[in-house]
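Spelled out, the chains give:
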Amino acid sequence: MKLEKQHACQGGTIGYYSHESQQTGTPMRFSLFLPPQAKQGDVPYVVFLSGLTCTEDNFTTKACAYKKAAELGLAVLATDTSPRGDDVADSEDYDLGQGAGFYINATEQPWAKHFKMESYLIEELIPAVEKEFPLNAAQKSITGHSMGGHGALTLYFKYPKMFKSCSAFSPIVAPTQVPWGHKAFTAYLGNNQTEWTKHDACALVNKAGDAADNAEILIDQGLDDQFLEEQLKPELFEEACKAAGQALTVRKHEGYDHSYFFIQSFIDDHLQWHSDALN
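Predicted model only: the values in this text are computed from it and were never measured. Throughout this document, residue positions are counted from 1 along each chain, in the order its sequence is written. Totals for whole chains, interfaces and linings use every residue, but because this is a predicted model, local features are given only for residues with pLDDT of at least 70 and side-chain atom pairs only at 80 or more, for both listing and counting. For side-chain calculations, the full set of non-hydrogen atoms in the structure is used, while hydrogens and water are omitted.

1. Observations regarding the pattern of salt bridges
Any two side chains of opposite charge can pair, so long as their charged atoms come close to each other. What makes a salt bridge here is a side-chain nitrogen of Lys or Arg within 4 Å of a carboxyl oxygen of Asp or Glu, nothing more. Under the definition given, this model contains 11 salt bridges. Of the charged contacts, one joins Lys 140 and Glu 130 as a salt bridge, the two residues approaching to 2.8 Å between their closest N and O atoms. With Lys 140 in strand β6 (residues 135–144) and Glu 130 in helix α3 (residues 117–132), this residue pair connects regions lying 10 residues apart in the sequence. With relative accessibility at 19%, the residue Glu 130 sits in the buried group. To qualify as a helix, a DSSP run of H or I must reach at least 4 residues; to qualify as a strand, a run of E must reach at least 2; elements of each kind are numbered from the N terminus. In this scheme, a residue with accessible area under 20% of its type's maximum is buried, one over 50% is exposed, and one in between is partly exposed, where area comes from a 1.4 Å probe on protein chains only.

This is the structure:
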């Protein structure tokens, strides 16, 4: 882990780090907020996954999360959204390639060589930060925004023993049924739509075993979100959770859009939600 820069923040620290990833074969970056309680020992933490076009910096500088995190004694890990570099496959489109990894492992060329974001997060980054920093490995939760909300929900279902709770802002809940998902999954996974369902929250909740054993999920959605009707479709996840017996709270907010202004308006609620679950 190479510390790129660090700042005092809310009695703790916010650090930006880089490291060489064996999973992606590229340098990767992340930020980590450590609350003041981390000076005394291991603390619980929340993983935040960002959306399309974002890096580890968007949440770090725009979400206004760290005052509440410090109050609750929560660390916050924010990751990049894809591998990057001159030798990494890319697209001119904002919703494919660098900045658009969708938190899955690509199987199709030219993406398969580097786009291993699921393995990177689960098998590499999370174990590495738990070894390197004062984080409680048994007490972590996951959240995310848009594409990162998709990542949070799907990883929560895929790895039920890893995360204590899950929440999301404006998540892509049914990528197999919307244009963003069709485009990314065709490129990364090929045309076999059976493979697509392995990365779709609406499909995964129905395969999650006894969903009633899962912690309740929190979703916030702005009703002025420009992507609401075509790309997000939260009603599909509400229906799937009801059928599977998965506890779910969906809060819909008049006047709010898809931006980080929306996230910062409700991030304290999400951190409190996770703190309650972790404690």
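Now that the structure is up, let's keep going.
2. Focus on the pairing of strand β2 (residues 12–20)
Within β2, seven of the nine residues are buried, which leaves the element mostly enclosed by the surrounding structure. Strand pairing is assigned whenever DSSP detects at least two bridges linking the two strands. Sheet topology note: the strand β1 (residues 2–9)/β2 ladder contains seven bridges and is antiparallel. Bridge pairing in β2 places Ala 8 opposite Thr 13. Here β2 pairs with strand β3 (residues 27–34) via eight bridges, running antiparallel. From the neighbouring strand, Thr 13 faces β3, where its bridge partner is Leu 34.

3. Details of the sheet that holds β2
The strand order across the open sheet formed by six strands is β1-β2-β3-β5-β4-β6, and the pairing between neighbours is mixed. The open sheet terminates on both sides in strands that have one partner only, identified here as β1 and β6. Each neighbouring strand pair of the sheet contributes to a mean axis angle of 20°, computed without reference to strand direction. As paired elements, strand β4 (residues 43–49) and β6 share six bridges and run parallel to each other. Bridge pairing in β6 links Val 46 to Ser 141. By definition, residues are in contact when any of their heavy atoms lie within 4.5 Å. Between N-to-C directions, angles span 0 to 180 degrees; the directions come from axes that are lines fitted to C-alpha atoms, helices contributing only their stretch in contact. Against the sheet, helix α4 (residues 147–158) contacts β4 and β6, and its axis sits at roughly 135° relative to β6.

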